[in-house]
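# Summary of the model geometry
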Amino acid sequence: MANKVFHVMYDDDQKLLDAARALVAQGIRVKDVFSPFPVHGLDPIIGVKRTRLAIASFMYACTGTALAILGTWYFMVSDWDWNIGGKPNFTWIENAPAFVPVMFEFSVFCGAHGMVITYLLRNGTLPGMPATNPDPRTTDDKFVMEITTEENNMSVQDIESKIRATDVYELSIKDY
Amino acid sequence: MFKESNIRKPLILGHKTYHDITNDIVSPIEGPAPKQWKIAFTIALIVALYGIGCIMYLVGVGIGSWGLNKTVGWAWDITNFVWWVGIGHAGTLISAVLLLFRQRWRMAINRSAEAMTIFAVIMAAIFPVFHMGRVWLAYWTLPLPNQFGSLWPNFNSALMWDVFAISTYFSVSLVFWYIGLIPDFATIRDRMTKPKMKKIYSILSFGWSGRAKHWTRFEEVSLVLAGIATPLVFSVHSIVSMDFATSIVPGWHTTIFPPYFVSGAIFSGFAMVQTLLLIMRKTMKLEAYIHLKHIEYMNIVIIVTGSIVGVAYLTELFISDYSGVQYESYAFINRFSGPLAWSYWCMMTCNVISPQLFWFKKLRTNLGVTFFMSIIVNIGMWFERFVIIVTSIHRDYVPAAWGEFKASTIDIGMFIGTIGIFFTLFLLFARYFPVLALNELKTILKTSGESYKNENKH
């Protein structure tokens, strides 16, 4: 038998939350949820783990700081040591206070852009990518839960009856 | 779920549903352009083209076509630069700082304020870039390996810091804005019936589908970007002020400059947001989302920052005398009684006295007064930069080197032109982009929407 995918539509975020809670309690694994806005409290129910993007951003920012230190040392001390107004740059540390603004800005630059590029790549949201939401109304006011038979060790009828017991707005079952 | 006190006024008026929010914001994009928009756009475009003409003339003839001279080497150009950068600050403040403080009212205004920031920073960048004269060599400000020997820009210079600050600020603001726009573009894509437009919005929305994991990441990215954009807002205008404060020109060499510039920037930025939003809410019928409460909150920010600016003016005036340095002292006597005293008093009236009217609730909740005041504040803030820049350098140390400044037609044309370019871009934004962060607004509908709040009472 072909695998089936259930697209369960709700017309309210609270109904979606209640349904997700009820279905998960009955041992159904929810593959994904498509919603027009972030539904708070949904992630722990359907088992979405916390993202590590903030850690990635910190690491990009540290890389930025390191590059800025390396750059200012190379440009101002090593490659061509400037003597400006009798204040020579013999060592990086002597001039470090003057480099703080650039170090800060470059850290922010790398932290922000690194994180955003990672975010877009991890999401797979890039220019020209096709939309994958099952129904165009999910970006307006409807909420769709995706459940597959592949991930759930139950019969199609079993899953369907459990879904029907929730406050469903529309249900579509397709071959997968 | 987050509960909001019933005493607090609702942020979304009327009995709106999620679908109504989408409709209200997306339908102006789907329909034909209204007549008012076409008229405004034509005027803005004509002014913009005149400005571009002035810029082309400037590049062709050289910066001698500005009114600059040996004594006043910086005038309208840098005044306009600081003015535009300052205006830009409110956008990032609204999107970043108010997000960190969990101010939900920001959601109705952040999108257009961020757009304003981006366009204002582009306008700001025009001035220093063209002031370089040979604009095609602007990339020399970057530390690029070059064929001229070991020639690197000077990282000790505040002007160099500014290159980094402004480019970081611009690019981070742009990314912050666009990340928020992606889900809203997806909403337009999924509603759009015209195939060509659908294709365009499909490309712009990057294939966004609103998956749960994507939303989690979206919220994390927004929060982290807000966290790092907050110090960025403060650093950028601090660094702009250091362009002046690190020099030894009387009237510029003061430690008060960074906080004074930052509050001035927020002050002028909020005034510009008011100017734009008051027109936009009326013409695009967004009164349910941007209402008196939002305008009052912004006016309160204007009183606070305006008062900080006022205290800063008086402090620098007092310190100039208290310092005992005759050059410093004279710089300020010259400001309020010299040949350009009219600009000083114009600045004082517009920036210090007039915002105090907002202490009266009746005035700060009056749309007409707010609109008038927003223009006054922007005029005042332009004069602030003019006073700081021109009156400080036109009479500095040696009287023999004193000079005067007279703006040329190219000076004026370029400034007016940037206003035209700015409005052209902003009108294009208002026509084709979702002007409110509609998907963020939906998250507050149940906590701050009028009908839901009334339901909670019973």
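The structure this text deals with has already been given above.
### Some words on the overall build of chain A
- In terms of helices and strands, chain A carries 5 helices and 6 strands.
- Each helix and strand of chain A, ordered N terminal to C terminal, gives the series β-α-β-α-α-β-β-α-β-α-β.
- For 176 residues, the compact-globule estimate of 2.2 N^0.38 gives 16 Å, and chain A exceeds it by more than 25% at 26 Å.
- By residue count, 37% of the 176 residues in chain A fall in the buried class.
- Pairs at least 24 apart in sequence give 76% of the contacts found in chain A among residues at least 6 apart.

### A word on the sheet that holds strand S6 (residues 170–175) of chain A
Residues and elements named next belong to chain A.
- Taken in spatial order, the 4 strands of this open sheet run S2-S5-S1-S6, and their pairing is antiparallel. The sheet is open, and its two edges are formed by strand S2 (32–34) and S6, each paired on a single side. Ignoring strand direction, the axes of neighbouring strands in this sheet form an average angle of 20 degrees.
- Both S2 and strand S5 (residues 143–148) contribute to a ladder of 3 bridges, which runs antiparallel. Directly across from Phe34, in S5, lies its bridge partner Val144.
- Its contacts with the sheet put helix H5 (residues 156–164) on strand S1 (4–10), S5 and S6, and the angle it makes with S1 is roughly 5 degrees.

### Quick word on the interface of chain A and chain B
- On the chain B side, the residues contacting the 56 residues of chain A number 51 residues.
- Only S2, helix H2 (42–46), helix H3 (53–78) and helix H4 (92–123) of chain A provide two or more residues apiece to the side of chain A that touches chain B.
- Considering each element in turn, the side of chain A that touches chain B owes the most residues, 19 residues, to H4 of chain A.
- Of the residues in the side of chain A that touches chain B, the class split is 34 nonpolar, 15 polar and 7 charged.

### Considerations on helix H5 (residues 158–191) of chain B
All names here are of chain B.
- For H5, spanning 34 residues, the distance from its first C-alpha to its last is 49 Å, which sits close to the expected 50 Å at 1.5 Å a residue.
- Ile182 marks the point of greatest bend in H5, at about 35 degrees, and the proline Pro183 comes within the next four residues.
- With respect to burial, H5 is a largely interior element, 24 of its 34 residues being buried.

### Here we look at the pairing of S1 of chain A
Residues and elements named next belong to chain A.
- Relative to S6, S1 runs antiparallel, the two being bridged by 6 bridges. Pairing of Lys4 across the sheet is with Asp175, part of S6.
- In this sheet, S5 lies alongside S1 in antiparallel orientation, the contact comprising 6 bridges. Opposite Phe6, over in S5, you have Ile147 as the bridge partner.

### Focus: the environment of Arg134 of chain B
Residues and elements named next belong to chain B.
- You can see Arg134 is positioned in the loop between helix H4 (110–131) and H5.
- Owing to 10 C-beta atoms within 10 Å, Arg134 belongs among the exposed residues under this scheme.
- Once the C-alpha coordinates of Arg134 and Arg104 are considered, the two residues, 30 residues apart in sequence, prove to be 46 Å apart.

Procedures and definitions
- Residues numbered from 1 in each chain as written.
- Chains lettered and ligands numbered in written order.
- Predicted model: local features only at pLDDT ≥ 70, side-chain atom pairs only at ≥ 80, totals over all residues.
- Helix = DSSP H or I, 4+ residues; strand = E, 2+ residues; numbered from the N terminus.
- Rg over C-alpha atoms; globule rule 2.2 N^0.38 Å.
- Buried ≥ 20, exposed ≤ 12 C-beta atoms within 10 Å, placed from the backbone.
- Contact = placed C-beta atoms within 7 Å.
- Pairing = 2+ DSSP bridges.
- Axes fitted to C-alpha atoms, helices over the stretch in contact; angles between N-to-C directions.
- Nonpolar A, V, L, I, M, F, W, Y, C, P; charged D, E, K, R; others polar.
- Expected span 1.5 Å × (residues − 1).
- Bend = angle between axes of the 7 residues up to and from the residue.

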